[in-house]
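Coordinate analysis (summary)
Chain residues, written in single-letter form:
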Amino acid sequence: MLEGLMIGLSTAINPFNLMMVVFGCIIGTFIGMLPGLGPMSIIAIMIPVAITLGDPTAALILLAGVYYGAIFGGSTSSILLNAPGVAGTVATSFDGYPMAQKGMAGKALTIAAVSSFAGGTIGAILLMVFAPMLSSVALLFHSAEYFALMVVGLSAIAAFAGTGQVGKALMMTLLGLIMATVGEGAQFNMPRFTMGLMDLQSGFSFITLAMAMFALPEAIFLVMNPARSAQGSDGASGGKITNLRFSREEGRKMIPVIGRQSVQGFFIGVLPGAGATIASFLGYAVERNIAPKGEQEEFGKGSIKGLAAPETANNAACTGSFVPLLTLGIPGSGTTAILLGALIALNVTPGPRLMTDEPQVFWAVIISMYIGNLVLLILNLPLIPYIAKILAIPRNYLIPFILFFTLMGAYIGQNNSTELLILVGFGVVATILRFADYPLAPLLIGFILGTMLEDNLSRSMQLAQGFGFIFDRPMALGLLILAAVLVLLPSYRARRAAKRAEGVADGD
Amino acid sequence: MALDRWIALVFVALCVLYGYAAFFTMDHLLPPFMQRNPVWPSTFPKILSICGVIVGLVVLLGIEKQSTEKEPSATDINYRNLGQYHIGQALALLGLMVAYALCLRPLGFIASTILFLSLGATVLGERKFHYLIPIAALATFFVWYLVQEVLGIFLRPWPTFLVN
């Protein structure tokens, strides 16, 4: 591990890569602060830039920096404006915004930055310990196990989608998988479902799809509902950021919270589909429940613990979500799915072999996580009052520019203007799906995993001359049963709970 | 019927069409040597179409127990009252994006981008053209320079008739 760390350190502190971390963190903070634009949209917009860098290490370092920056930026807008850019920072606004209203915006931002830093750093240490362990287990896997594992991953993402949402999430996953079959795959060398269109010969571009699924609907919502951005302009003028310090007493209160939430957040982040949102809400709830009675009442009114808990947990979870990506090559969240797509475009296949085949990529990413967190703490925090000025950019200018960058992202990836029409078309479909509360991250994850899933299934079927591999390999069978249980369990439990509630009502 | 069920209906129809293509139109194109393989190009699509129809029907028929408590909407927009929102502006901007896609080649990057940015802001209510047009032009040239010179991706800057 020490050798790996050294390789990572020497790669990450190369001046160009350092510049990428700093650049990524600042860009991420800038855009992440805009209400409505989450990390997924920002990473999608930045991917063409990352891909043109050509070097997978620099690209991944840049994107990881953007990711951290965006989460930090999202927390800033939650605290200053009560306008969380992403679901993962909603819990931050519970106590962060009341603090800002009391004139402690600077202190709240520092607490958020310190907790994020601690959560991210402890998460990175845990990643360093657990990823190699998981990788060594994963090296024993064959195509059949991989296929089963991907099915488990996809079902888990649907299973964690929430009550009444499992079917919808599964539907979106399947839609993603169906879309992945369009075009000429390397495996069969024949075009499928292209409807005779030349533009579909190479399939749908994942950058276009990522833009259409996340960035475009967000921009459309900003246009349709000016209240979403108007919230911004009010707060930006009102929330003055003055004193950035917190007292030693307050620091002492935060330490146990940070310790607990980094570990809890990390492990929640490792689970596919759970991610930063659940980690932050759960972290908030746990800390409120275990706090002494007097402090419990402070939660929601500007409690330091209430701010530190979700901030630590969401950053630790973001780091945790890199575990399945780096060790198994299976993304557990929309953001890591986008990162996986970028890596594949750069000819790097994440998975258990990544650590042995391209150790510099693996370790440089981990080291750049530390550096990224450090950059956020020492560079971004003092700059926050200036970066917050972006919130004063008039909406009339902001929205056309967001749309333009979305268009550019799709165009420069393919250099084909048909891609822009596909972008707009899918953007409209994605907006309608969002109206009906369909989750879109499973669609993108399904799309990205589709090719790998089919490859592994085909390879297993070739070896076993049919579907026999399911019964020949007990681990694959076990994983497939687990996938079925994951999908069916939430519905079964909801039904049982409803029945029990009915029984109680009858008893009355 | 609620919007999510309509979407499920469309999804089931899509899966049926997709399944039809996979089951009935793909296999006869297969060269004879591939027919001995246990896996055909249509194998995975066939599995997907069956799963798709089943899951689509589960959502369509509301078999899954729905959550009683309403979760906060991610969009803050109630689609049943679209009239309350700036739907016209959103549609106009989408139209502009389509026009941009169609004009990018004939008009060139610079002219179409300046037009897109200025018209986009105008649609949203901006009337200070003496600020707007110079900002749009400056941003366009900056992005063009960045993409063409720094990233090295070719973007045709001028209209087609000026180049040929």
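Residues numbered from 1 in each chain as written. Chains lettered and ligands numbered in written order. Predicted model: local features only at pLDDT ≥ 70, side-chain atom pairs only at ≥ 80, totals over all residues.

1. Looking at the overall build of chain A
Check the secondary structure of chain A and you find 23 helices and 2 strands. Since a compact globule built from 508 residues should have a radius of gyration of about 23 Å, the 23 Å found for chain A is in line with a globular shape. If one aligns the C-alpha atoms of chain A with their principal axes, the spans along those axes are about 70 × 65 × 50 Å. Every one of the 508 residues in chain A was classed for burial, and the buried ones make up 63%. A separation of at least 24 residues holds for 79% of the contacts in chain A among residues at least 6 apart in sequence. (Helix = DSSP H or I, 4+ residues; strand = E, 2+ residues; numbered from the N terminus. Rg over C-alpha atoms; globule rule 2.2 N^0.38 Å. Buried ≥ 20, exposed ≤ 12 C-beta atoms within 10 Å, placed from the backbone. Contact = placed C-beta atoms within 7 Å.)

2. Some words on the overall build of chain B
Tallying secondary structure elements over chain B gives 6 helices and 0 strands in all. Listing every helix and strand of chain B by position from the N terminus yields α-α-α-α-α-α. Among the 164 residues that make up chain B, the fraction classed as buried is 27%. Put simply, of all contacts in chain B between residues at least 6 apart along the chain, 61% involve residues at least 24 apart.

3. Some words on the nonpolar core
Taken as a class, soluble globular proteins show a tendency for nonpolar side chains to be buried jointly. Core analysis: the largest hydrophobic core is formed by 214 residues, its most contacted members being Ile43(A), Ala44(A), Leu63(A) and Leu444(A). Taken domain by domain, the makeup of this core includes at least three residues from each of domain 1 (3-66) and domain 2 (86-163) of chain B. In this view, Ile43(A) contacts Leu63(A), Val66(A), Tyr67(A), Thr335(A), Ile338(A) and Leu339(A); residues no more than four positions away in its chain are not counted. (Core = buried A, V, L, I, M, F, W, Y, C linked by C-beta atoms within 7 Å. Domains from an automatic or database assignment.)

4. Topic: the packing of helix 6 (residues 105-138) of chain A against helix 14 (residues 304-320) of chain A
All names here are of chain A. One can describe the packing of helix 6 onto helix 14 by two numbers: an axis separation of 7 Å at closest approach and a directional angle of 35°. For the element pair helix 6 and helix 14, the recorded crossing hand is right-handed. Along the contact surface, helix 6 presents Ala108, Ile111, Ala112, Ser115, Ser116, Ala118, Gly119, Gly120, Ile122, Gly123, Ala124 and Leu127, while helix 14 presents Ile304, Leu307, Ala308, Glu311, Thr312, Ala313, Asn315, Ala316, Thr319 and Gly320. (Axes fitted to C-alpha atoms, helices over the stretch in contact; angles between N-to-C directions. Left-handed = near helix turned anticlockwise from the far one by under 90°.)

5. Overview of the interface of chain B and chain A
One frequently used descriptor of interface size is the decrease in accessible area upon assembly of the parts. On the chain A side, the residues contacting the 56 residues of chain B number 58 residues. Mapped onto the side of chain B that touches chain A, the elements with two or more residues apiece are helix 1 (3-25), helix 2 (43-60), helix 3 (87-107), helix 4 (109-123) and helix 5 (129-150) of chain B. Sort the elements by how many residues they give to the side of chain B that touches chain A and helix 3 of chain B lands first, with 11 residues. The residue inventory of the side of chain B that touches chain A, partitioned by class, reads 38 nonpolar, 11 polar and 7 charged. (Nonpolar A, V, L, I, M, F, W, Y, C, P; charged D, E, K, R; others polar.)

6. Description of unusual backbone geometry
Residue and element names in this part refer to chain A. Phi angles above zero are rare outside glycine, and Phe193 is one such case at about 50°. By the secondary structure assignment, Phe193 is in the loop between strand 2 (191-192) and helix 9 (206-224). With 19 C-beta atoms counted inside 10 Å, the residue Phe193 sits in the partly exposed group. Unusually for a residue other than glycine, Gln465 sits at a positive phi of about 55°. Positionally, Gln465 belongs in the loop between helix 21 (441-464) and helix 22 (469-472).

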